[in-house]
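Coordinate inspection notes
Below are the chains, spelled out letter by letter.
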Amino acid sequence: MAVKVQLSAQIDAELAHYLDLYQEQHQLESLADALEQAITALRVQTLEREYTLAAQEWEDSGEAQVWGSTANDGLSVTDNE
């Protein structure tokens with residue numbers, strides 16, 4: 001179980017209203033649950049963007065092409081029919 005910390009923050013009234021609506025629509029027990037979901041979604045979005053950029057850098061560096069030629073080394077496909 002994750003350790004919980006208490007936060008205190010002032011946010012724009014529109015965002016607070018949206019958070020209330022989100023909590024209600026998704027039947028979450030608390031605003032903290034809604035905020036956790038929002039932060040998790042932001043984390044996933046950030047990681048997806050970072051992985052995409054890293055993959056593009058790898059592709060642009062030429063390393064993907066070099067490693068692509070060895071990706072199947074030692075693997076063989078057999079037809080058992």
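Conventions adopted
- Residues numbered from 1 in each chain as written.
- Predicted model: local features only at pLDDT ≥ 70, side-chain atom pairs only at ≥ 80, totals over all residues.
- Heavy atoms only, no water.
- Helix = DSSP H or I, 4+ residues; strand = E, 2+ residues; numbered from the N terminus.
- Buried < 20%, exposed > 50% of the residue type's maximum accessible area, 1.4 Å probe, protein only.
- Areas by Shrake-Rupley, 256 points an atom, 1.4 Å probe, with all protein chains shown as cover.
- Patch = residues over 30% accessible without salt bridge, like charges linked within 9 Å, V, L, I, M, F, W, Y side chains within 5 Å.
- Salt bridge = Lys/Arg side-chain N within 4 Å of Asp/Glu carboxyl O.
- Expected span 1.5 Å × (residues − 1).
- Polar contact = N/O pair within 3.5 Å; in protein donor to acceptor, adjacent residues only side chain to side chain.
- Axes fitted to C-alpha atoms, helices over the stretch in contact; angles between N-to-C directions.
- Parallel < 35°, antiparallel > 145°, perpendicular 65-115°, else oblique.
- Contact = heavy atoms within 4.5 Å.
- Nonpolar A, V, L, I, M, F, W, Y, C, P; charged D, E, K, R; others polar.

1. Notes on the overall build of the protein
If you tally the helices and strands in the protein, you get three helices and zero strands. Along its sequence from the N terminus, the protein presents helices and strands in the succession α-α-α. Going through the 81 residues of the protein one by one, you find that 6% of them count as buried. When the accessible surface of the protein is split by element, carbon and sulfur atoms take 54% of a total near 7,900 Å².

2. Section: a nonpolar patch on the surface
Residues Val3, Val5 and Leu7 make up a contiguous nonpolar surface patch of about 380 Å² in total accessible area. Mapped onto the elements, Leu7 comes out in the segment before α1 (13-25). Residue Leu7 is classed as exposed on the basis of its relative accessible area, which comes to 66%.

3. Side note on α1
Relative to the 18 Å expected for 13 residues at 1.5 Å per residue, α1 spans 18 Å between its end C-alpha atoms, a close match to the ideal helical length. At the N-terminal end of α1, a side-chain oxygen is found 3.0 Å from the backbone nitrogen of Glu14, two or three residues along, and the residue is Asp12. Among the residues trailing α1, Gln27 stands out with phi positive, at a value near 50 degrees.

4. Re the pattern of salt bridges
Note that side chains of opposite charge can pair when their charged atoms are close. What the rule picks out here adds up to one salt bridge. Two residues, Glu36 and Lys4, come together in a salt bridge whose shortest N-O distance is 2.7 Å. Of the two residues, Glu36 sits in helix α2 (residues 31-61) while Lys4 sits in the segment before α1, which places them 32 residues apart along the sequence. Taking relative accessible area as the criterion, Glu36 reaches 36% and is therefore assigned partly exposed.

5. Observations concerning the packing of α1 against α2
Axes are the key here: two packed helices are described by the angle between their axes and the distance separating the axes. Contact pair α1 / α2: the axes reach a minimum separation of 9 Å and the direction vectors enclose 100 degrees. In terms of orientation, α1 lies roughly perpendicular with respect to α2. Mapping the contact onto sequence places Leu19, Asp20, Tyr22 and Gln23 in α1 and Leu31, Ala34, Leu35 and Gln37 in α2. Taken together, the residues of the contact of α1 with α2 sort by class into five nonpolar, two polar and one charged.

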